[in-house]
Amino acid sequence: MKISFYTIIFALLKVYEFYQYWKLLMSNSFVSFNRNKKLKMTMYTFRPYELVKVNYKCYRGLFDKGINSYPRPRSGHRIVCNDSDLYCFGGFNPNVEGPDRTLYLFQELWKFDLFTKKWSLVYSNTVEGMPEELASNAVILKNNMLIVFGGTGYPFGTSCSNKCYLLMPHNKRPKAIAALETTGDRPVPQYGQAVVLHDDYLYVVGGTTGFEYSCDVYRLHLVSKVWECISVCREDIREDPKGRYRHEIVADDTYIYVLGGGNAETAYSLEYIPVFSFELQQWTVLHSKPDPSLPPPGYPQSRKCHSCVQYETDHGIEVVIAGGFFEDLEFFDDIWKLNLSTLQWTLFKTATLPHPLYFHDAATSGNGLMHIFGGVEVKGLENDPHNEVYESERTNEVYSMWTTIPKLSEICWQAVLHYNPTLPSYSLNQLLEMGISLKFASRISRHSKIECDGNL
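Just so it is clear, the model here is predicted, and its values are computed rather than measured.

Draft legend 1. Representation of the sheet that holds strand E3 (residues 85-89). With antiparallel pairing, four strands are arranged side by side in an open sheet as E2-E3-E4-E5. Each edge of the open sheet is held by one strand with a lone partner, namely strand E2 (78-81) and strand E5 (118-123). This sheet shows a mean twist of 25 degrees between the axes of neighbouring strands, independent of strand direction. Here four bridges tie E2 to E3, and the two strands are oriented antiparallel to one another. Paired with Arg78 across the strands is Phe89, a residue of E3.

Here you go:
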């Protein structure tokens, strides 16, 4: 009888889970309980390709009952994350009034602890120098710092930014934040642009002033702080991509890939993908492959205001997009994966968003665990997608999904956390003494949060 590789892995995982379960029960340093009572503990199950709601609101402490115990519903915000925390910057809600200068906008940075499932407010509007352009920014995480670029105030397009801010959430709360001092050929103030890091450069692609749309490419050298424009799109003389906003970009060692986006009237294709060569500094278009398991055309529909994450796998870089919309009444709840090596699209058939969702955001630390937060939910189209009577409301829900099968050590780590939710309360030394490797202990130890020195 032949035993498959996956059967062996599954058996090893179950043995490891039983060992962890037994160790947790037997060790007073982990669990203390009354032996006369039954200890109820559900068995851990790894659930890939399934979107799970994170019920963080049930994790609030006794005194966390105010409106500031977690972010209010919003759209147009941006999130990034590492292995420990998720960060949410800015956002918009027309039903929430703030100070005049930030009407309907959230001048704040929130942190969501991925282990304790608790939110904390890191920066608020009391910090001097906080950006006032707080919707459709571009945000990326580097060296425990958030790089915030661009964005718009309200009304949209009346005040746009081309400034670059550094937010250092692990440092003591600063009294003031200043924009990064840069020189060179700066991008025009816009919002809805997208950014990616490559070598020592921050690349910025596209965006809108609220009236004009571009797909120009700028880059900021993070060492010298000098901007340069390396490509101005000219659709009239070249096959350059159309100007757009609220697109998403990803990158490998060769190209920047532009996924979707659009203007006020339309959204652009995900079948034909504009790519920008780092070496040649010019555009070309690649034709992706449809999902062979679907009837034609087998591609995700054109869209904007969707979310996107990328991560490394043994099969190359994979990209996952979720939600978005095309035009009125064309809102999406689907989740797709694109392999950059093969340009093959695959629809996740076991996972969809609870409702069509747009102007949300998603992030991953690179291990394939995707987190989705906020956005505009569309309800009332379930039975009739052409129903002109529907409801839309902003949300502050968090969802997570394993979009790939990670390393076995990651799965085991999830099981360990499941069986002992008190681990985040231990110090780094205590975790190491328990036999937890430094790789995982440093994720949850509060003593491992190294303050940023401001160096990019």
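Draft legend 2. Molecular detail of unusual backbone geometry. The omega torsion across Tyr154 and Pro155 is 0 degrees, close enough to zero to call that bond cis. With respect to the helices, strands and loops of the structure, Pro155 is situated in the loop between strand E7 (145-149) and strand E8 (164-167). In this chain, Pro296 is followed by Pro297 through a cis amide linkage whose omega measures 10 degrees. Along the chain, Pro297 turns up in the loop between strand E17 (283-287) and strand E18 (307-313). If you check the backbone angles, Asn143 has positive phi at about 50 degrees while not being a glycine. As for its position among the elements, Asn143 is in the loop between strand E6 (138-142) and E7.

Draft legend 3. Representation of the pattern of salt bridges in the model. By the definition in use, this model includes 16 salt bridges. A salt bridge links Glu228 to Arg219; the nearest nitrogen and oxygen atoms lie 2.7 Å apart. Of the charged contacts in the structure, one is a salt bridge between Arg303 and Asp334, with a shortest N-O distance of 2.8 Å. One end of the pair, Arg303, is in the loop between E17 and E18; the other, Asp334, is in the loop between strand E19 (316-322) and strand E20 (335-339), and 31 residues separate them in sequence. Per residue, the accessibility class of Arg303 equals that of Asp334, and both read buried. Taken together, the salt bridges that share partners define one network made up of Lys53, Lys57 and Glu397.

Draft legend 4. Representation of the nonpolar core. Residues Phe89, Leu109, Tyr123, Leu167 and Leu202 are the most contacted members of the largest nonpolar core, which totals 35 residues. Contributions of two or more residues to this core are made by E3, E5, E6, E7, E8, strand E11 (201-208) and strand E12 (213-221). Of all the elements, E7 adds the most residues to this core, at five residues. Among all residues touching Tyr123, those that are not within four sequence positions of it are Gln107, Glu108, Leu109, Met130, Leu167, Met168, Pro169, Pro174 and Ile177. Of all hydrophobic cores here, the second largest spans 16 residues; its members include Leu259, Val275, Trp336 and Leu343.

Draft legend 5. Layout of the packing of aromatic side chains. Tallied over the full model, the rule gives 26 aromatic pairs. Geometrically, the ring pair formed by Tyr56 and Tyr70 is edge-to-face, given 5.5 Å between the ring centres and 75 degrees between the ring planes. Separated by 14 residues along the polypeptide, Tyr56 in the loop between strand E1 (52-54) and E2 and Tyr70 in the loop between E1 and E2 bring together distant segments of the chain. Residue classification places Tyr56 among the buried positions, given a relative accessible area of 2%. Put simply, the rings of Tyr56, Tyr70, Trp110, Phe112, Trp119 and Phe373 pair up and form one aromatic cluster. Against the face of Phe332 rests Arg303, its NZ or CZ located 4.2 Å from the ring centre.

Draft legend 6. Geometry of the confidence of the model for the chain. On average, the chain scores 87 in pLDDT, and the residues at 70 or more come to 83%. A low-confidence stretch, residues 24-39 (pLDDT under 50), is modelled with 16 contacts involving residues beyond four sequence positions or located in other chains. Per-residue pLDDT stays below 50 along residues 61-65; that stretch engages in three contacts with residues further than four places along the chain or on separate chains.

Draft legend 7. Representation of the environment of Gln414 within the structure. Within the secondary structure, Gln414 is located in helix H2 (residues 408-419). Remark: the alpha-carbon pair of Gln414 and Phe46, spanning 368 residues in sequence, is separated by 8.1 Å. In this structure Gln414 touches Tyr44 and Trp402, once residues within four positions along its chain are discounted.

Draft legend 8. Representation of the state of the cysteines in the model. For the structure on display, the rule yields zero disulfides. Cys233 takes part in no disulfide bond, and the closest cysteine sulfur to it belongs to Cys215, at a distance of 4.6 Å. Residue classification places Cys233 among the buried residues on the basis of a relative accessible area of 16%.

Draft legend 9. View of a negative patch on the surface. Taken together, the side chains of Asp199, Asp200, Asp253 and Glu312 define an acidic patch exposed on the protein surface. For Asp200, a relative accessible area of 43% translates into the label partly exposed.

Cut-offs used in this document
- Residues numbered from 1 in each chain as written.
- Predicted model: local features only at pLDDT ≥ 70, side-chain atom pairs only at ≥ 80, totals over all residues.
- Heavy atoms only, no water.
- Pairing = 2+ DSSP bridges.
- Helix = DSSP H or I, 4+ residues; strand = E, 2+ residues; numbered from the N terminus.
- Axes fitted to C-alpha atoms, helices over the stretch in contact; angles between N-to-C directions.
- Salt bridge = Lys/Arg side-chain N within 4 Å of Asp/Glu carboxyl O.
- Buried < 20%, exposed > 50% of the residue type's maximum accessible area, 1.4 Å probe, protein only.
- Core = buried A, V, L, I, M, F, W, Y, C linked by side-chain atoms within 4.5 Å.
- Contact = heavy atoms within 4.5 Å.
- Phe/Tyr/Trp six-rings, centres within 6.5 Å; stacked < 30°, edge-to-face > 60°.
- Lys NZ or Arg CZ within 6 Å of the ring centre and 35° of its normal.
- pLDDT = per-residue confidence, 0-100.
- Disulfide = S-S within 2.5 Å.
- Patch = residues over 30% accessible without salt bridge, like charges linked within 9 Å, V, L, I, M, F, W, Y side chains within 5 Å.
- Areas by Shrake-Rupley, 256 points an atom, 1.4 Å probe, with all protein chains shown as cover.
- Lys, Arg positive; Asp, Glu negative; His and termini not counted.
- Charge placed at Lys NZ, Arg CZ, Asp CG, Glu CD.

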